[in-house]
Amino acid sequence: MDTTVAGKSNVRDFSTAYYLLEGLNEAGIEYLFCNFGTDHAPIIEEMAHRRKLGEAMPKVVRCPHENTAAHMAAGFALVTGRGQGVMVHVDVGTANAANGMHNMFRSRLPVLLMAGKAPYTTHNELVGTRDTHVHFVQEPFDQGSLVRPYVKWEWTLPSGVVVKEALRRAHSVMQSSPRGPVYLMMQRETLTEHWNVDVIHRYPTERFTPLAGAGADPELVAALADRLIAAENPILITGYGGTDELTAQKIDEVAQFAGVPIFEANSKCNISYASPCFAGFVPDDAVPAVDVGILVDVEVPWFPAEVQPNDRSFWAHIDVDVLKVGSPMWTFPGNLRLQGDSGRILDQLLTALKAKATPRFKAAAAARLERLKAVRQERQEHAAKLAANKGQPGAINPHYFMAELGKVLDAKDVIFNEAVTNTPAVLMQIPRPLPKTAFNTNGAGLGWSGGMALGARLAAPDRMMVQVSGDGGFYFNNPSSTFAVAQQYQLPILSIVLDNSGWSAVKQSTLRVFPDGMANSSDEFESKLAAKVEFTKVAEAFGAYAEKVADPADVAAAIKRCVKAVRGGRAALLHAMVTRL
């Protein structure tokens, strides 16, 4: 609208919500993954306003559940590195999104979570005042506490005059290393305030850039290079080194130059499994004999209750957060900590190694590379042996199933692995040759794989996204929300449910703690779920192609039909009955 103020004429003014959408656009937010509520009325009004005016704003993706919205943003960020916006409804929407915030915080994926707050006026003093029952019950004393352990920054917008400044601050924090979620809360009255355009400042990206990861002190890098030059039995362990392409590349280059076996412990985001130095996923047997070990972007290299490194071994940590400050307890040995961008530090290390390399070192590295050939061959033969057993009707062997799936995937396709106890089959039978083509959240919140596959597909429509989940995890995914979004926004993904009719992880955990206990003797693990379930019906309700397979003889053909559907533009679900609990 146009208005006249003292000393000025025809100065345009707009609502805070209008400037919010403009500020999001200026910050580079391309998508808003939304689950709307009463708190968003001013934003919805301004979305319609901006469309009428032909003014730019982020694209809106409506998600029936907040878990889908949060994890779609995570999937988009994984593929592109660019954090997006998520809009949820006051405290309850924040609570539903908290699972995703946990996963993104632990996986270092940026997102701007935005939620309304209950209106603070009750007698129509301001536009946006309380006008429905829920406004009186959706005001906790501390809404931010719902996600505070898993955000880098949080704030409640005090006035619309600083809305663009708040967005710039949020964006800078979430995109700075280590990247992660941020949280902004806004009340209706604040969103409906009007401000003249000349008092709303702009904060262009080129003037307010995020913090980039740096290299390390050259003297410390040189010290690590000296250790590697003298090492007889070195090792490198990573967990999510594949998140960054440079890091994945330099892990391989350092390992090949120095003859260092690479283990991807608790695999989260893969490096290339085609590397001649790749030695598998479980370093436990190798750790006790290590003289020099390097931990690169890894949370849990081994379980200290089961594995003890040699007291004389030397361990170096390379990470943008070497102390893991988000974890109250984290005490893996670290003689040397190099904090910064892991790819750049590894590049420094490679340069130092090349400068210091002696004929003796080169010969020792070559001998270790030769020994790794046998390790690689043994691992491949073991995987093939496991996959040779197809299982039986009603109990397909997951290793066989995954080996068949691997035959139809392209190198660039991405697997979102939420198979939990069947994860070894996924990793062993589908050796991904490219980094960042197999992902497992570094968090502990189940129900992420469907949303992330959707977000990744939105970011990379030329690649097939494959969700692999157990039946227990599939429930957590809010599958009706997942397939609704797949249908509405034409985002075909392949969903695979490995159905063993229960929570195998719960049973296995009980057995580890009480191997000879009462639960074992009575076979009462509180882990069995509904056995007669037709997950295909959920997918079919939203127009997806769906099959259920129980006979190993039908696996290959069923997989091909589902993949054909997805590549043809239709979401698909394959419900596979695998070996039971």
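Before reading on, note that the structure itself is shown above.
Residues numbered from 1 in each chain as written. Predicted model: local features only at pLDDT ≥ 70, side-chain atom pairs only at ≥ 80, totals over all residues. Heavy atoms only, no water.

Our focus in this paragraph is the packing of aromatic side chains. Following the criterion strictly, the structure yields 18 aromatic pairs and no others. Ring centres of Tyr-273 and Phe-281 lie 5.2 Å apart, and the angle between their planes is 90°; on these two criteria the pair is classed as edge-to-face. Among the residues examined, Phe-281 registers a relative accessible area of 17% and is labelled buried. Members of the aromatic cluster, connected to one another through ring pairs, are Trp-302, Trp-315, Trp-330 and Phe-332. The side chain of Lys-59 reaches across the aromatic face of Tyr-31, ending 5.6 Å from its centre. (Phe/Tyr/Trp six-rings, centres within 6.5 Å; stacked < 30°, edge-to-face > 60°. Buried < 20%, exposed > 50% of the residue type's maximum accessible area, 1.4 Å probe, protein only. Lys NZ or Arg CZ within 6 Å of the ring centre and 35° of its normal.)

Here we take up the sheet that holds strand β12 (residues 278-280). Strand order in the open sheet formed by six strands is β12-β11-β10-β13-β14-β15, with parallel pairing between adjacent strands. Of all the strands in the sheet, just β12 and β15 (336-339) have a single pairing partner and so form its edges. Adjacent strand axes in the sheet meet at a mean angle of 25° when their direction is disregarded. Relative to β12, strand β11 (residues 262-264) runs parallel, the two sharing two bridges. What sits directly across from Ile-262, in β12, is Phe-278. Of the strands in this sheet, β10 (234-238), β11 and β13 (292-296) are in contact with helix α8 (residues 245-258), which crosses β11 at around 145°. Set on the sheet, helix α10 (residues 359-388) makes contact with β10 and β12; between it and β12 the angle comes to about 40°. (Pairing = 2+ DSSP bridges. Helix = DSSP H or I, 4+ residues; strand = E, 2+ residues; numbered from the N terminus. Axes fitted to C-alpha atoms, helices over the stretch in contact; angles between N-to-C directions. Contact = heavy atoms within 4.5 Å.)

The next thing to look at is helix α3 (residues 66-80). The end-to-end C-alpha distance of α3, which contains 15 residues, comes to 21 Å, matching closely the 21 Å that a straight helix rising 1.5 Å per residue would cover. Most of α3 is tucked away, with 13 of its 15 residues classed as buried. Phi turns positive one or two residues past the end of α3, at Gly-81, with a value near 80°. (Expected span 1.5 Å × (residues − 1).)

Where strand β22 (residues 545-549) and strand β23 (residues 572-577) come together, five bridges link them in parallel fashion. Bridging from a neighbouring strand, Ala-546 pairs with Leu-573 of β23. The parallel pair β22 and β23, bridged by helix α19 (residues 555-567), forms a crossover whose chirality is right-handed. (Right-handed = clockwise from strand over helix to strand, strands pointing away.)

Another point: the sheet that holds strand β21 (residues 494-499). Here six strands make up an open sheet; going across it, the order is β19-β18-β20-β21-β23-β22 and the pairing parallel. Lying at the two open borders of the sheet, with one neighbouring strand each, are β19 (438-439) and β22. Strand direction decides the pairing type here: strand β18 (residues 414-418) and strand β20 (residues 465-470), joined by five bridges, are parallel. Of the residues in β20, the one forming a bridge with Val-414 is Met-465. Along the sheet, helix α13 (residues 449-459) contacts β18, β19 and β20; its crossing angle with β20, the most-contacted strand, is approximately 180°.

Our next topic: unusual backbone geometry. The residue after Ser-177, namely Pro-178, is reached through a cis peptide bond having omega -10°. Mapped onto the fold, Pro-178 is located in the loop between α5 (163-175) and β8 (181-187). For Asn-124, which is not glycine, the phi torsion reads 65° and is therefore positive. Residue position: Asn-124 is located in the loop between β6 (111-117) and β7 (154-156). With a relative accessible area of 60%, Asn-124 lands in the exposed category. Here Asp-297, not a glycine, exhibits a phi torsion of approximately 50°, which is positive. One can find Asp-297 in the loop between β13 and β14 (314-319). The exposure class assigned to Asp-297 is buried, which follows from its relative accessible area of 8%.

When you line up the elements, Asn-417 lands in strand β18. Given a relative accessible area of 3%, Asn-417 falls into the buried group. At 3.1 Å, the side chain of Asn-417 and the backbone nitrogen of Ala-419 are in polar contact. Beyond its immediate stretch of four places on either side in the chain, Asn-417 contacts Thr-423, Val-426, Leu-427, Phe-439, Asn-440, Trp-448 and Val-468. (Polar contact = N/O pair within 3.5 Å; in protein donor to acceptor, adjacent residues only side chain to side chain.)

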